[in-house]
Amino acid sequence: MSELRPVPLFGTGPRVVTEERLFALLGKRLEADPKRSLKPVRLPPYDPEGGPYHKVQYVIELVGTQLIPGDAARRLLKSRHKSSLGDPEIYVMVPGQRRWKALWTGEDAITYDSLALAWDLVSSRGALSEGPAKELWKRAERVAKSWKRRAMPLPPPEDAAKAAQNLKAVQESLDVGVHVLLRTRSGAIPTQAAIEAAYSLGFRMRANDLLEWWQSGWSEPILWIHSMDEDGTFRPSQRSSIPGLAVGYSVPCSPSPEEVMERTFLAADGLAGQLGASVFDDEALPLSPKRRTEMRSNLQGALDTFDRIGLTPGSPEALRLFEP
């Protein structure tokens, strides 16, 4: 039975091709074909509120009745101060407002009535443990005392460490992707033909030399196409053909995983039709109607798991936890 697989690690090579260089190399500009291009998917409602993100962050709020001078708060953004606090994200509330916003150097509020420091529970450095969480609390407390406030960790350090371990396990078990493969009988697909076919569907070449499908209103690619070459990139000046294509996306980072799966199938079928290729699943078995139904069922199982743990794919929390 076809399963969801870990996101493939393609596209890690040096960045060479840009879109303008690509067009110069091809001697023409490429555009989407309205008759072939993929239709947009539904996106989550726009939510202007930012962090802190308590599901995936260790948050220490500096609580008290004394207003925090704006200039003093903004000094925390200076590299030496921020570094001494473990490089947190800093959020503030302006008096009279009940919405957090990220503190930045261009802020001009005279005072703030709330300030919070936030660190990702799981980052490139690993999962936050109890000792470092206590040390961050101690350092935050020194800052709080200077404003006659106190530092309140949410959750307490020992619970933050447990939450971090749980999130690490979630990250390792649910960092899955959907991808399908295209190959030809000859074992080679002309690189330029693949690029032109992808553009007709609405994909574009980005600075990472990958073909990506973007949608207005979403800050990340919805769908990608990698070449099945060593680094997954497309470089027609260096290779005239590629052994195949992979089309896919990250489930936890997707704003609409079920719809994007259908776009994956449509993109693969569209590419296959233009390139004379056949479509396979990630086990190199033909992507038959039965296999597609199995993939939809496996995706639903993954989404049920996300629902049980209270984490929505495509949410700010999921993107923080799963984005590479």
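Quantities reported herein were computed from a predicted structural model and do not represent experimental measurements.

Cut-off values and rules
Starting afresh in each chain, residues are numbered from 1 along the sequence in its written order. Residue-level local features of this predicted model are given only where pLDDT is at least 70; pairs of side-chain atoms are given and counted only at 80 or more, and the full residue set underlies all totals for whole chains, interfaces and linings. As a rule here, side-chain values come from all non-hydrogen atoms in the structure, and water together with hydrogens is ignored. Here, axes are lines fitted to C-alpha atoms. For helices the fit covers the stretch in contact, and angles between N-to-C directions go from 0 to 180 degrees. Helix numbering and strand numbering both begin at the N terminus, where a helix is a DSSP run of H or I of at least 4 residues and a strand a DSSP run of E of at least 2. The cut-offs work like this: below 35 degrees is roughly parallel, past 145 is roughly antiparallel, 65 to 115 is roughly perpendicular, and the gaps in between are oblique. By definition, any crossing whose near helix is turned counterclockwise from its far helix by less than a right angle is left-handed, and any crossing with a clockwise turn is right-handed. Here, residues are in contact when the closest pair of their heavy atoms is within 4.5 Å. Residues are grouped as follows: Ala, Val, Leu, Ile, Met, Phe, Trp, Tyr, Cys and Pro are nonpolar; Asp, Glu, Lys and Arg are charged; all remaining types, including Gly, are polar. Pairing between strands is defined by DSSP: at least two bridges between the two strands are required. Here is the rule: rings of Phe, Tyr and Trp (six-membered ring for Trp) pair when centre to centre is within 6.5 Å. Planes less than 30 degrees apart are stacked, more than 60 are edge-to-face, and the remainder are tilted. Each residue gets one of three labels from its accessible area relative to the maximum for its type: buried under 20%, exposed over 50%, partly exposed in between, using a 1.4 Å probe on protein chains only. Think of pLDDT as the predictor's per-residue confidence, scored from 0 to 100.

*Asks:* Would you mind showing me how to read the packing of helix α4 (residues 130-146) against helix α5 (residues 157-174) here?
*Replies:* How two helices sit against one another is set out by the angle between their axes and by the gap between those axes. Packing of α4 against α5 leaves a shortest axis separation of 8 Å and a crossing angle of 135°. With respect to their mutual orientation, α4 and α5 come out oblique. As for the relative orientation of α4 and α5, their crossing is right-handed in sense. Of α5, the residues touching α4 (which contributes E130, A133, K134 and W137) are P157, E158 and A161. Class assignment of the residues belonging to the contact of α4 with α5 gives a composition of four nonpolar, no polar and three charged.

*Asks:* Got a minute to help me understand the sheet that holds strand β4 (residues 89-93) in this structure?
*Replies:* One key point about sheets: their strands pair by backbone hydrogen bonds, in either a parallel or an antiparallel sense. Strands sit in the order β5-β4-β7-β2-β10 across an open sheet of five strands; the sheet is antiparallel. Each having just a single partner strand, β5 (101-102) and β10 (150-154) make up the two edges of the open sheet. Bridge count for β4 against β5 is two bridges, and the pairing is antiparallel. Looking across to β5, one finds that V92 is bridged to K101.

*Asks:* Would you explain the packing of aromatic side chains in this entry?
*Replies:* Describing an aromatic ring pair means giving the distance of the ring centres and the angle of the ring planes. Tallied over the full model, the rule gives three aromatic pairs. With a centroid separation of 5.9 Å and 65° between ring planes, the pair formed by F23 and Y199 is classed as edge-to-face. Of the two residues, F23 sits in helix α1 (residues 19-26) while Y199 sits in helix α6 (residues 191-201), which places them 176 residues apart along the sequence. Of the two residues, F23 and Y199, both sit in the buried class.

*Asks:* Would you mind going over the pairing of strand β17 (residues 245-250) with me for this structure?
*Replies:* One face of the sheet, then the other: side chains in a regular strand alternate in exactly this way. Most of β17 sits out of view: six of its six residues are buried. Residues L245, V247 and Y249 point to one face of β17 and A246, G248 and S250 to the other, with burial holding for every one of them. In this structure, strand β11 (residues 176-183) lies alongside β17, joined through six bridges in antiparallel fashion. When the bridges of β17 are listed, L181 appears paired with A246. Where strand β15 (residues 223-227) and β17 come together, four bridges link them in antiparallel fashion. By the bridge assignment for β17, S227 is matched with L245.

*Asks:* Help me understand the confidence of the model for the chain in this model?
*Replies:* The predicted coordinates should not be examined in detail at positions where pLDDT is low. Confidence in the prediction for the chain averages 91 pLDDT; 93% of positions are at 70 or higher. Within the model, pLDDT remains below 50 along residues 6-16, and this stretch shows 33 contacts once partners closer than five positions in the same chain are excluded.

*Asks:* Please clarify how the packing of α1 against α6 should be interpreted in this entry.
*Replies:* Look at α1 against α6: their axes get within 12 Å of each other, and the N-to-C directions meet at 120°. Comparing their axes, α6 and α1 come out oblique. Note on packing geometry: the crossing formed by α1 with α6 is left-handed. Two secondary-structure elements touch here, α1 through E19, L22, F23 and L26 and α6 through Q192, I195 and Y199. Across the contact of α1 with α6, the residue classes break down as five nonpolar, one polar and one charged.

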